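Structure assessment
Here's the letter readout for the chains.
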Amino acid sequence: MEKITGSEALMRSLISEGVKTLFGYPGGAIMPVYDALYNHKEELNHILVRHEQGAVHAAQGFARVSGEVGCVIVTSGPGATNTVTGIADAMIDSTPLVVICGQVGTYHLGTDAFQEVDVVNVTSPISKWGYQIRSAEDIAWAVSRAFYIAKSGRPGPVVLDFTKNAQTELLEYHSEKVGFIRSYRPDPGFTPDAITAAAELINNAKKPLVLVGQGVELGDARKELLDFVEKIDSPCGCTLLGLSGFPSEHRLNMGMLGMHGNLAPNVKTNQCDVLIAVGMRFDDRVTSNLKTYAKQAKIIHFDIDPSEFNKNVPVDIPVLGNCKHTLAEVTKYVQPNEHKEWIDSFRPYYQQEYDKVIDKAIHPQTGPLLMPEVINAVSEATNHESIMVTDVGQNQMFACRYFKFRKGRSVVSSGGCGTMGFGLPAAIGATLGAPDRTVCLFVGDGGLQMTIQELGTIMEQKSPVKIILLNNNFLGNVRQWQYMFFDRHYSFTPMLNPDYEKIASAYSIPCRTVADRVELAEAINEMINTTGPYLLQCVVKEEENILPITPPGANVDEMVLEIND
């Protein structure tokens, strides 16, 4: 057989796994791989980012909207350590990635060689699996195993540390396909007893409430969830990452859960008699005070990861398995039902929130632009069918509250890690993962500057990202907490900003600044109808607060709708 280099073997292994898009940045310890990549430009579209952190976030955006594994290639040392934030982010948000890092040759390992870092041990707490490839013979097996682990079961990031000698060694290449690992059960199936017990509890429920998590999207279970919810006639609340798992305009969708979620589903969490959690992990931003969380309710928890059962909230019936299958099974056994009185009891809370918060936020009559009115206007202008990407902070919370979704896989946001700087590179990845859809990025002035260099990637790739910069000259979320809980001590949260129009011009990105709401609709229309990228800078109210809010330590139903100055 023909002998090829380990680097060429990597290319063939990636192609065998169906990879078509790569995000990366070359360097000394990965140079043989990039040399091999030079001959595979037709099969592998490599996106040169401007920073390795951007490569991982871009791969996350790609994976979230496409359902495929995001793939990253970087060099050793600082190239590898620059990926750590993105790997941690992907781990907590269950995003499938394979991150391939260059490494010094095996003969230099442990000698503190130039740009040597023990990447496997650095990333082992924040990845599903890590492996150091020391021999070219291991490449096909390691790559196939990496992709299998990354995308199966509860998805997550995998790290391959690729020594330089393994990149240059010659081997007779044989493709491999790993589809089974003895110690790893990615899809545990389901227990019939749990299915029937859950169905019985649901059939006897008078006040059921379904909590929709990102597991619905990850398990491709939107249809199964819809069938289940409509059959039992249960109201739903969605986590931040689960927002597009259930249509926003459905009559049973009562809104977002959590600290800045909607009043009705939060209050009703502590009034329901059966709480049905689907693919969510009872994060502290959803539960608030665990001592009082849903103590009156029987709890059913659907999840593919058994470690999530009873981790934060004790559950009565754990239903283990992929929710695409377990929801379909439970739906067979539940009885068609109606809960009109229970559903109607949500309406007064919605009306209270609408009158005190929502109406004023999206229909202000005077004063400066508000973030919610901008977000609502963009959502309506795109017919609620575009992909929403956010950075982290007030832009994220407002976007998740006021953007609406008609299609699945439409939320790309840093949930568990809360990574500022996530938004811009993630939006680039989203345009490549779903090239037929409009990608709208909502970002604050603080988050944009953390990865602003990725405007260069947008320029080079002509990525059609619609960037909506919500500029309030503050680190807005921190400022709000300083306002509410730290005696208004604005300690290093005011922000001096650059001229974003000049920056956009330098990157050949069309830009417009809007400060008056009479121009807003026209500016949004111009942005949407411009081919390629666009930066719409909205000068918004500087000291705007996200409401409602569940204060730290409060019960989930103790939301504050108004702040008295």
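Residues numbered from 1 in each chain as written. Predicted model: local features only at pLDDT ≥ 70, side-chain atom pairs only at ≥ 80, totals over all residues. Heavy atoms only, no water.

Considering all chains together, one arrives at zero disulfides under this definition. Unpaired in terms of disulfides, cysteine 272 finds its nearest cysteine sulfur in cysteine 236, a separation of 12 Å. Given a relative accessible area of 1%, cysteine 272 falls into the buried group. No disulfide involves cysteine 538; its nearest neighbouring cysteine sulfur is the one of cysteine 511, lying 10.0 Å away. The class for cysteine 538 is buried, based on a relative accessible area of 0%. (Disulfide = S-S within 2.5 Å. Buried < 20%, exposed > 50% of the residue type's maximum accessible area, 1.4 Å probe, protein only.)

Before going further, it helps to examine the sheet that holds strand β14 (residues 317-320). Across the sheet, which stays open at both edges, the six strands sit in the order β11-β10-β9-β12-β13-β14 with parallel pairing between neighbours. Looking at the sheet topology across the chains shown, the edges are occupied by β11 (253-256) and β14. The average angle at which neighbouring strand axes cross in this sheet is 20°, direction not considered. Inspection of the sheet shows strand β13 (residues 298-303) paired to β14 by four bridges, in the parallel sense. Counterpart to histidine 301 in the pairing with β14 is proline 318. Where helix α9 (residues 192-203) meets the sheet, its contacts fall on β12 (274-278), β13 and β14, and the angle it forms with β14 comes to roughly 130°. (Pairing = 2+ DSSP bridges. Helix = DSSP H or I, 4+ residues; strand = E, 2+ residues; numbered from the N terminus. Axes fitted to C-alpha atoms, helices over the stretch in contact; angles between N-to-C directions. Contact = heavy atoms within 4.5 Å.)

For the rest of this paragraph, the subject is the pairing of strand β4 (residues 70-74). By the criterion of burial, β4 is predominantly enclosed, with five of the five residues buried. A two-sided burial pattern is seen for β4, the buried positions comprising Gly70, Val72 and Val74 on one face and Cys71 and Ile73 on the other. Note that strand β2 (residues 21-24) and β4 share two bridges and pair parallel. Residue pairing for β4: phenylalanine 23 is matched across the bridge by valine 72. With five bridges joining them, β4 and strand β5 (residues 97-103) adopt parallel strand pairing.

That is the geometry; function is a separate question.
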